[in-house]
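# Structure assessment
Listed below, chain by chain, are the residues.
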Amino acid sequence: MTSIYDSNRPTSLSAPVAREKRHQRKITVNGFLRADGLYDIEAELTDHKTYSFPSDFRGEVTPEQPVHHMHVRITINNDLVIQTAEAVTLAGPYEICPVANDVFADLAGLQIGPGWRRRMMAAIGGRHGCTHITELMGPVATIAFQTRYGEEARQRRETGQLSDKDTQRANAALRNSCVGYADDPAS
């Protein structure tokens with residue numbers, strides 16, 4: 001893999017011990033600006049085993065068939081408040097799994113920000129929800145921030161309204177959130 005960093009940085013993980021893949025999870029999350037000014041955040045999760053196994057509900061599940069396959073969409077406003085939320089379960093291990101989609105609309109009205117995980121879990125987690133769908137909501141929240149604030153910055157750059165002071169204020173809000181914004185940057 002090609003790296004954008006200097007040649008002194010590794011470009012791959014170390015060589016693994018001999019092994020065989022047994023499980024593969026793919027998560028895709030995308031953010032969209034809608035024509036009405038709101039934002040859609042969509043996520044998809046699939047899990048596959050590399051071997052066939054029996055299922056009382058589904059019969060034999062082969063490596064080509066997902067064990068789990070879920071789609072979610074939330075629509076947020078500029079304040080990161082969820083306007084609508086929907087989920088679809090296309091594959092799960094049990095016949096009852098799609099019932100968890102029924103509580104997903106309970107996210108409407110929640111704001112993504114401090115306390116998000118606790119409020120989200122209270123709304124859609126636990127015995128009425130789906131572990132896999134609630135796991136998706138962490139990356140969904142991250143992409144909601146990236147989409148909303150990235151779009152605002154893009155628009156401000158295009159209109160010449162993004163100043164150095166604006167950048168400094170944004171950086172101040174991110175201070176010490178990661179090595180890139182650390183007060184004492186590593187060299």
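Structure: see above.
Residues numbered from 1 in each chain as written. Predicted model: local features only at pLDDT ≥ 70, side-chain atom pairs only at ≥ 80, totals over all residues. Heavy atoms only, no water.

Time to look at the overall build of the chain. Looking only at helices and strands, one finds 3 helices and 6 strands in the chain. What you see in the chain, going N to C, is helices and strands ordered as β-β-β-β-β-β-α-α-α. What you see for the chain is a C-alpha radius of gyration of 20 Å, clearly larger than the 16 Å of a compact globule of 187 residues, by over 25%. With respect to the three principal axes, the spread of C-alpha positions in the chain is 60 × 45 × 30 Å. Put simply, the chain has 187 residues, and 29% of those count as buried. Considering only contacts within the chain whose residues lie at least 6 apart along the sequence, 49% involve residues at least 24 apart. A total of about 12,700 Å² of accessible surface is found on the chain, and carbon and sulfur atoms cover 51% of it. Taking the average place of the 21 positive charges on the side chains of the chain and the average place of its 23 negative ones, the gap between the two points comes to 5 Å. (Helix = DSSP H or I, 4+ residues; strand = E, 2+ residues; numbered from the N terminus. Rg over C-alpha atoms; globule rule 2.2 N^0.38 Å. Buried < 20%, exposed > 50% of the residue type's maximum accessible area, 1.4 Å probe, protein only. Contact = heavy atoms within 4.5 Å. Areas by Shrake-Rupley, 256 points an atom, 1.4 Å probe, with all protein chains shown as cover. Lys, Arg positive; Asp, Glu negative; His and termini not counted. Charge placed at Lys NZ, Arg CZ, Asp CG, Glu CD.)

To continue, consider the sheet that holds strand E6 (residues 82–91). Here we have 4 strands laid out as an open sheet, ordered E1-E2-E5-E6, and antiparallel in their pairing. Of all the strands in the sheet, just strand E1 (23–33) and E6 have a single pairing partner and so form its edges. Neighbouring strand axes in the sheet, compared pairwise and without regard to direction, differ in orientation by 10° on average. In terms of strand pairing, E1 meets strand E2 (residues 39–49) through 11 bridges, oriented antiparallel. In the sheet register, Ile-27 faces E2, and the bridge partner there is Leu-45. Across the face of the sheet, helix H2 (residues 131–158) comes into contact with E1, E2, strand E5 (68–76) and E6 while running at roughly 145° to E2. (Pairing = 2+ DSSP bridges. Axes fitted to C-alpha atoms, helices over the stretch in contact; angles between N-to-C directions.)

Among all positions in helix H1 (residues 116–124), only Trp-116, Met-120, Ala-123 and Ile-124 are buried. All buried residues of H1 project into a common sector of 70° when viewed along the axis, lining one side. Along H1, exposed side chains directed more than 90 degrees from the buried face belong to Arg-118 and Ala-122. Tucked into the core, H1 has its buried residues touching E6 and H2. Gly-126 sits one or two residues past H1 and shows a positive phi near 75°. (Arc of directions from axis to C-beta.)

Attention now moves to unusual backbone geometry. Not every positive phi belongs to a glycine, and Leu-80 is a case in point at roughly 65°. Positionally, Leu-80 belongs in the loop between E5 and E6. Using a relative accessible area of 3% as the deciding quantity, one classes Leu-80 as buried.

Let us now look at the nonpolar core. The biggest cluster of nonpolar side chains holds 30 residues, and the ones touching the most others in it are Ile-74, Ile-76, Phe-104, Leu-107, Trp-116, Ile-124 and Met-137. Mapped onto this core, the elements with two or more residues apiece are E2, E5, E6, H1 and H2. Sorting elements by how many residues they give to this core places H2 first, with 6 residues. In contact with Phe-104, not counting residues within four places along its chain, are Val-72, Arg-73, Ile-74, Ala-85, Glu-86, Ala-87, Ile-124, Ile-133 and Met-137. (Core = buried A, V, L, I, M, F, W, Y, C linked by side-chain atoms within 4.5 Å.)

The next point concerns the environment of Glu-60. Topologically, Glu-60 is positioned in strand E4 (residues 59–61). Sequence separation of Glu-60 and Asn-101 is 41 residues, and the distance between their C-alpha atoms is 25 Å. Filtering out sequence-adjacent residues up to four positions away, Glu-60 remains in contact with Ser-52, Phe-53, Pro-54 and Gln-65. A polar contact is formed between the side chain of Glu-60 and the side chain of Ser-52, at a distance of 3.3 Å. (Polar contact = N/O pair within 3.5 Å; in protein donor to acceptor, adjacent residues only side chain to side chain.)

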